[in-house]
Amino acid sequence: MASNILSYEGCNFFRQRLILAILSGRPVKIRQIRSRDDNPGLREFEASLIRLLDKVTNGTRIEINETGTTLYFQPGLLYGGQVEHDCCPERSIGYYLEVLIALAPFMKNSLKATLKGVTNDQQDPSVDALKATSIPLMKMFGIDGEGLDLKILKRGMPPGGGGEVIFTSPVRRSLKPVQFTDPGKIKRIRGVAYSVRVSPQIANRMVDSARSILNKFIPDIYIYTDHMKGANSGKSPGFGLTLVAETTNGSFLSAEMASSPQGQGSPILPEDLGKNCAKILLEEIYRGGCVDSINQSLALLYMTLGQQDVSKVLLGPLSPYSIEFLRHLRSFFQVMFKIETQQPEEERKGGEKVLMTCVGTGFTNLSKTIK
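Residues numbered from 1 in each chain as written. Predicted model: local features only at pLDDT ≥ 70, side-chain atom pairs only at ≥ 80, totals over all residues. Heavy atoms only, no water.

- The name given to the chain in an unreviewed UniProt entry is RNA 3'-terminal phosphate cyclase-like protein, and the organism recorded there is Polypterus senegalus.
- In the Subcellular location (unreviewed entry) part of its UniProt record, the chain is described as follows: "Nucleus, Nucleolus".
- For the record of the chain, the UniProt heading Subunit (unreviewed entry) holds the text "Part of the small subunit (SSU) processome, composed of more than 70 proteins and the RNA chaperone small nucleolar RNA (snoRNA) U3. Interacts with BMS1." (UniProt positions renumbered as here; feature names shortened; annotations may be inferred.)

In structure tokens form, the structure reads like this:
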């Protein structure tokens, strides 16, 4: 067994390594985690993630040395079921949710996870963006049915948090291969402008300023305002905007911005936030592809784990995170992607695209009981 262990150094791409370790069943050893830092070792949010993974698996062995700079992770079986977890408020729920979305279809029992913490921050994808883009992507790979849902019960802004979401997902024996090479044209833009513990007017101001830019391109724009009150508004004030463009072929591209946490960073006007967020969305549409930047690695993972058949997906320029993910997929699953760059035929078609092709490993969920 010992030769099977994959060794890494440093704290980067921590989640990728743990996700792939669990799915491939290969143990991982990560050394020198922030060993030169004044405060060495695993951070609280990483420890919280390890605890969450321990809850959704059965028989996982975790060893951490005294300084927290070395982690040995021997994955158990993905068990699933009902899980409750208080996420560390240093990172938003999205940080944890991205891991669960990657693992959920391969569990023994369908997952119902209640996560508490920060729902929207400036660092990780928000629960709104994941709901609008990752869930449709899961459906495309055949993970659908009424069991697939992400409900936002309470919002929580940093630093206090206090938000709550419920993510439910069915299990699948295998994923279907996809051919998704033409994103189509943008047909509508939807969004959510949320505000908690601030004047409800702020949401309307963000909506108006975002529309002032987007209305020039497309008439079908609807941005909901979501002003949660009382216990559902978490512990800290804040506001933000999530925009999603949907294409004629069912591709979803998202952009988002959130206000600075209370007492940190420079304050931003709702008008500026709305305008900047609209510009980020236009940038994301320009980058294009059938999957937006935050879901590139999820699409690559599902392609790798599909049936032994060819999957093709057109992506915008690869993010550094996705590039590292491709390297990890090669070491855990021995899968190589064929990567072809495509220049847009016309200038209007946006930036350079990458056509990713691979043959799935034929990964089957052996722990899914046959009913």
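The discussion continues.
What to know about the side chain of Thr-57
Okay, so step 1: Position of Thr-57 among the secondary structure elements: in strand S3 (residues 57–58).
Okay, so step 2: At 2.8 Å, the side chain of Thr-57 and the backbone oxygen of Leu-53 are in polar contact.
Okay, so step 3: A polar contact of 2.6 Å, which involves the side chain of Thr-57, links it to the side chain of Thr-60.
Okay, so step 4: Those residues in contact with Thr-57 that sit more than four places away from it in its chain are Ile-22, Leu-77, Leu-78 and Tyr-79. (Helix = DSSP H or I, 4+ residues; strand = E, 2+ residues; numbered from the N terminus. Polar contact = N/O pair within 3.5 Å; in protein donor to acceptor, adjacent residues only side chain to side chain. Contact = heavy atoms within 4.5 Å.)

Points about the sheet that holds strand S10 (residues 163–169)
What links the strands of a sheet is backbone hydrogen bonding, and the strands pair in either a parallel or an antiparallel sense.
Okay, so step 1: One open sheet holds the four strands; their spatial order is S7-S8-S10-S9, and the pairing between them is mixed. Two strands lie at the open edges of the sheet, namely strand S7 (80–86) and strand S9 (149–154), each paired on one side alone. Here the strands of the sheet are splayed against their neighbours by 10° on average, with no regard to which way each runs.
Okay, so step 2: Sheet analysis places S7 next to strand S8 (residues 109–117), joined by six bridges and oriented parallel. Of the residues in S8, the one forming a bridge with Gln-82 is Lys-112.
Okay, so step 3: Against the sheet, helix H3 (residues 93–103) contacts S8, S9 and S10, and its axis sits at roughly 175° relative to S8.
Okay, so step 4: Set on the sheet, helix H4 (residues 127–140) makes contact with S9 and S10; between it and S9 the angle comes to about 165°. (Pairing = 2+ DSSP bridges. Axes fitted to C-alpha atoms, helices over the stretch in contact; angles between N-to-C directions.)

Notes on the pairing of strand S14 (residues 238–247)
Okay, so step 1: The element S14 is extensively covered by neighbouring structure, given that 10 of its 10 residues are classed as buried.
Okay, so step 2: Of the two faces of S14, the one holding Gly-238, Gly-240, Thr-242, Val-244 and Glu-246 and the one holding Phe-239, Leu-241, Leu-243, Ala-245 and Thr-247 are both buried throughout.
Okay, so step 3: The pairing of strand S12 (residues 186–196) with S14 spans 10 bridges and is antiparallel. The partner of Val-196 across the bridge, within S14, is Gly-238.
Okay, so step 4: By the bridge criterion, seven bridges tie S14 to strand S15 (residues 252–258) in an arrangement that is antiparallel. Bridge pairing links Thr-242 to Glu-256 in S15.
Okay, so step 5: What sits between S14 and S15 in their antiparallel hairpin is a turn of four residues, with Gly-250 showing a positive phi close to 80°. (Buried < 20%, exposed > 50% of the residue type's maximum accessible area, 1.4 Å probe, protein only.)

Focus on empty space enclosed by the protein
Okay, so step 1: Summed over all chains, the structure comprises one cavity of 30 Å³ or more.
Okay, so step 2: Its boundaries defined by the atoms lining it, the largest cavity holds a volume of some 70 Å³.
Okay, so step 3: What lines the largest cavity is simply Thr-133, Pro-136, Leu-137, Met-140, Phe-180, Gly-250, Ser-251, Phe-252, Cys-290, Val-291, Asp-292 and Asn-295.
Okay, so step 4: Here the element with the most residues in the lining of the largest cavity is H4; it accounts for four residues.
Okay, so step 5: In terms of residue class, the lining of the largest cavity is built from seven nonpolar, four polar and one charged. (1 Å grid on protein atoms, 1.4 Å probe; cavity = no way out; pocket = protein on both sides within 12 Å on 5 of 7 lines; lining within 4 Å. Points joined across faces, edges and corners; volume = space filled by probe spheres on them. Nonpolar A, V, L, I, M, F, W, Y, C, P; charged D, E, K, R; others polar.)

Examining the UniProt feature "domain: RNA 3'-terminal phosphate cyclase insert" (unreviewed entry) in the chain
Okay, so step 1: Annotation from UniProt places "domain: RNA 3'-terminal phosphate cyclase insert" (unreviewed entry) at residues 181–285.
Okay, so step 2: Taken end to end, residues 181–285 comprises 29% helix and 34% strand; its first and last C-alpha atoms sit 15 Å apart.

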